[in-house]
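# Notes for the structure review
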Amino acid sequence: EIVKDFSLKATGAFIQLNGRNILNIVKDVYNNGYVIYESFASDYENIKEIFVLLGSILAGINNVIFILAIILLFSFIHSSVKNNVRQIGILRAIGANVIDIIKIYVIEALIIGIASLLFSLIIYGVGGYLINLVIGETYLSIFTFGFSTVMKMVSSTLIVVGLSLIIPIIKITRMHPVDAIRSDK
């Protein structure tokens, strides 16, 4: 005899599946004529809503951190250019190309970007593992760490470095060697 009450079996199936494809399973259960107790289904919907809200909050925090990273790196590169105006003028006066001087600041920004990327990868990997260990032990993995995550972090780092270099590079290209040597800063 087929049992139409699926609630106890569904709970075990969801735990074994580690939270993946739950929505598809729920649809299949209903399509095959089984019934899931309303309390379980509403609990699942509430949990899903919480994770959607949590995802939105984390995305907002991520955007704020991204903007702050651009501002901080821009500030660092800009102050580095501002404090080295005389040296830039001297380099230009003795024959250094604008491209050569720009390379110095691009390499400086890339070194800072790579250091922050490595630090971020370590923090994300260890922190994500610990959070998954504590929160996601029974239900699902909140943080995934794979090739796509690393590529997103690398591309974000390159975007931050690129955006933070735009104004300082424009400033360097407009600098005349004599004016740069004469300037106080």
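Here goes a summary of the coordinates provided. (Residues numbered from 1 in each chain as written. Predicted model: local features only at pLDDT ≥ 70, side-chain atom pairs only at ≥ 80, totals over all residues. Heavy atoms only, no water.)

For the protein, the count of helices and strands is seven helices and zero strands. When the helices and strands of the protein are placed in sequence order, the string is α-α-α-α-α-α-α. Looking at the protein as a whole, 23% of its 185 residues qualify as buried. Sequence-distant contacts in the protein: of pairs separated by 6 or more residues, those separated by 24 or more amount to 78%. (Helix = DSSP H or I, 4+ residues; strand = E, 2+ residues; numbered from the N terminus. Buried < 20%, exposed > 50% of the residue type's maximum accessible area, 1.4 Å probe, protein only. Contact = heavy atoms within 4.5 Å.)

Where helix 5 (residues 98–134) contacts helix 6 (residues 147–174), the two axes come as close as 9 Å, and the packing angle between them is 150°. The angle between helix 5 and helix 6 places the two elements in the roughly antiparallel class. Helix-helix and strand crossings are classified by hand; for helix 5 and helix 6 the assignment is right-handed. Contact with helix 5, carried on its side by Val98, Ile101, Ile102, Tyr105, Val106, Ala109, Leu110, Gly113, Leu117, Ser120, Leu121 and Tyr124, involves Thr149, Val150, Met153, Val154, Thr157, Leu158, Val161, Leu165, Ile169, Ile172 and Thr173 of helix 6 and no other residues of that element. Each residue belonging to the contact of helix 5 with helix 6 can be placed in one class, and the counts come to 18 nonpolar, five polar and no charged. (Axes fitted to C-alpha atoms, helices over the stretch in contact; angles between N-to-C directions. Parallel < 35°, antiparallel > 145°, perpendicular 65-115°, else oblique. Left-handed = near helix turned anticlockwise from the far one by under 90°. Nonpolar A, V, L, I, M, F, W, Y, C, P; charged D, E, K, R; others polar.)

Time to look at the environment of glycine 89. Looking at the element boundaries, glycine 89 is found in helix 4 (residues 85–93). For the pair glycine 89 and valine 178, spaced 89 residues apart in sequence, the C-alpha separation works out to 6.5 Å. Excluding anything up to four places from it in sequence, glycine 89 contacts Pro177, Ala180 and Ile181.

Note that threonine 157 resides in helix 6. Among the residues examined, threonine 157 registers a relative accessible area of 17% and is labelled buried. Side-chain polar atoms of threonine 157 contact the backbone oxygen of methionine 153, separated by 2.9 Å. Setting aside its immediate chain neighbours within four residues, threonine 157 contacts Gly113 and Leu117. (Polar contact = N/O pair within 3.5 Å; in protein donor to acceptor, adjacent residues only side chain to side chain.)

Before going further, it helps to spend a moment on the nonpolar core. Membership of the largest hydrophobic core comes to 17 residues, with the highest contact counts inside it found for Val81, Ile88, Tyr105, Ile172 and Met175. Contributing elements (two or more residues each) for this core: helix 3 (38–83), helix 4, helix 5 and helix 6. With five residues, helix 5 is the single largest residue contributor to this core. The residues touching valine 81, leaving out its near neighbours within four places in the chain, are Ile88, Tyr105, Pro168, Lys171, Ile172 and Met175. (Core = buried A, V, L, I, M, F, W, Y, C linked by side-chain atoms within 4.5 Å.)

Moving on to helix 6. Here helix 6 is 28 residues long and its end C-alpha atoms lie 41 Å apart, about the 40 Å a rise of 1.5 Å per residue gives. Largest kink in helix 6: about 40°, centred on isoleucine 166, with the proline proline 168 one to four residues after it. Among the residues making up helix 6, those that are buried are Thr149, Met153, Thr157, Val160, Val161, Ser164, Leu165, Pro168 and Ile172. (Expected span 1.5 Å × (residues − 1). Bend = angle between axes of the 7 residues up to and from the residue.)

Along an α-helix, residues three or four positions apart point the same way, because every turn accommodates 3.6 residues. For helix 5, spanning 37 residues, the distance from its first C-alpha to its last is 53 Å, which sits close to the expected 54 Å at 1.5 Å a residue. Residues of helix 5 that are buried: Val98, Ile101, Ile102, Tyr105, Ala109, Gly113, Leu117, Leu121, Gly128 and Asn132. For helix 5, the side-chain oxygen to backbone nitrogen distance between the N-cap and isoleucine 99 is 3.1 Å, and the N-cap itself is asparagine 97.

This part is about a nonpolar patch on the surface. On the surface, Ile47, Phe51, Leu53, Leu54, Ile57, Leu58, Ile61 and Ile65 cluster together to form a nonpolar patch covering roughly 700 Å² of accessible area. As for its position among the elements, phenylalanine 51 is in helix 3. (Patch = residues over 30% accessible without salt bridge, like charges linked within 9 Å, V, L, I, M, F, W, Y side chains within 5 Å. Areas by Shrake-Rupley, 256 points an atom, 1.4 Å probe, with all protein chains shown as cover. Salt bridge = Lys/Arg side-chain N within 4 Å of Asp/Glu carboxyl O.)

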